[in-house]
Amino acid sequence: MPVTRCVCFNKKFSELKKIAKANNCSSLEELQEKVTFGENCKRCHPYVKKMFETGETVFEVLPVENSD
Ligand code: FES
């Protein structure tokens, strides 16, 4: 299953991208000033960062960072 949204806030990356464009946001932090997302588990953060880097809004699941 590809990753297409911030699940916690039900915000699609494609929607977030439009909002970023309309508001000239170029980072996750700037975008969070315009729309509420990414404030719970934060697992969407690496994907939103990738969206800013690549312009893509559909992602393969990234490898989980292992803490041990
Ligand atoms: S998926 Fe975005 S905060 Fe949980």
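Computed from a prediction, not measured in an experiment: that's the story for all the values here.

## Some remarks on the layout of surface pockets
One number sums up the size of the largest pocket: a volume of about 450 Å³. Lining the largest pocket are 16 residues, and of these K42, R43, C44, P46 and Y47 lie nearest its centre. For the lining of the largest pocket, the secondary structure elements donating two or more residues are β1 (5–6) and α3 (45–54). Considered class by class, the residues forming the lining of the largest pocket number twelve nonpolar, no polar and four charged.

## Some details on the environment of E30
Mapping E30 onto the fold places it in helix α2 (residues 28–32). For E30, a relative accessible area of 32% gives the class partly exposed. A sequence separation of 25 residues divides E30 from G55, and the C-alpha atoms of the two residues are 16 Å apart. The residues contacting E30, other than those within four sequence positions of it, are N24 and C25.

## As for the nonpolar core
Among the nonpolar cores identified, the biggest contains 15 residues, and F13, L16, L31, F37, V48 and M51 are the most heavily contacted of them. Elements that contribute at least two residues to this core include exactly α1 (13–22), α2 and α3. Aside from chain neighbours lying at most four places away, what touches M51 is F13, L16, K17, L31, E56, T57 and F59.

## Looking at the packing of α1 against α3
Following both chains from N to C, one finds α1 and α3 inclined at 50 degrees, their axes separated by 11 Å at the closest point. Taken together, the axis directions place α1 and α3 in an arrangement best described as oblique. Crossing angle aside, the handedness with which α1 passes α3 is right-handed. Residues F13, L16, K17 and A20 of α1 lie in contact with α3, whose contacting residues are Y47, V48, M51 and F52.

## A closer look at unusual backbone geometry
Non-glycine residue N10 carries a positive phi angle of around 50 degrees. Looking at the element boundaries, N10 is found in the loop between β1 and β2 (11–12). The partly exposed category is assigned to N10, whose relative accessible area is 48%. Look at N24: it is not a glycine, yet its phi comes out positive at around 55 degrees.

Conventions adopted
Residues numbered from 1 in each chain as written. Predicted model: local features only at pLDDT ≥ 70, side-chain atom pairs only at ≥ 80, totals over all residues. Heavy atoms only, no water. 1 Å grid on protein atoms, 1.4 Å probe; cavity = no way out; pocket = protein on both sides within 12 Å on 5 of 7 lines; lining within 4 Å. Points joined across faces, edges and corners; volume = space filled by probe spheres on them. Helix = DSSP H or I, 4+ residues; strand = E, 2+ residues; numbered from the N terminus. Nonpolar A, V, L, I, M, F, W, Y, C, P; charged D, E, K, R; others polar. Buried < 20%, exposed > 50% of the residue type's maximum accessible area, 1.4 Å probe, protein only. Contact = heavy atoms within 4.5 Å. Core = buried A, V, L, I, M, F, W, Y, C linked by side-chain atoms within 4.5 Å. Axes fitted to C-alpha atoms, helices over the stretch in contact; angles between N-to-C directions. Parallel < 35°, antiparallel > 145°, perpendicular 65-115°, else oblique. Left-handed = near helix turned anticlockwise from the far one by under 90°.

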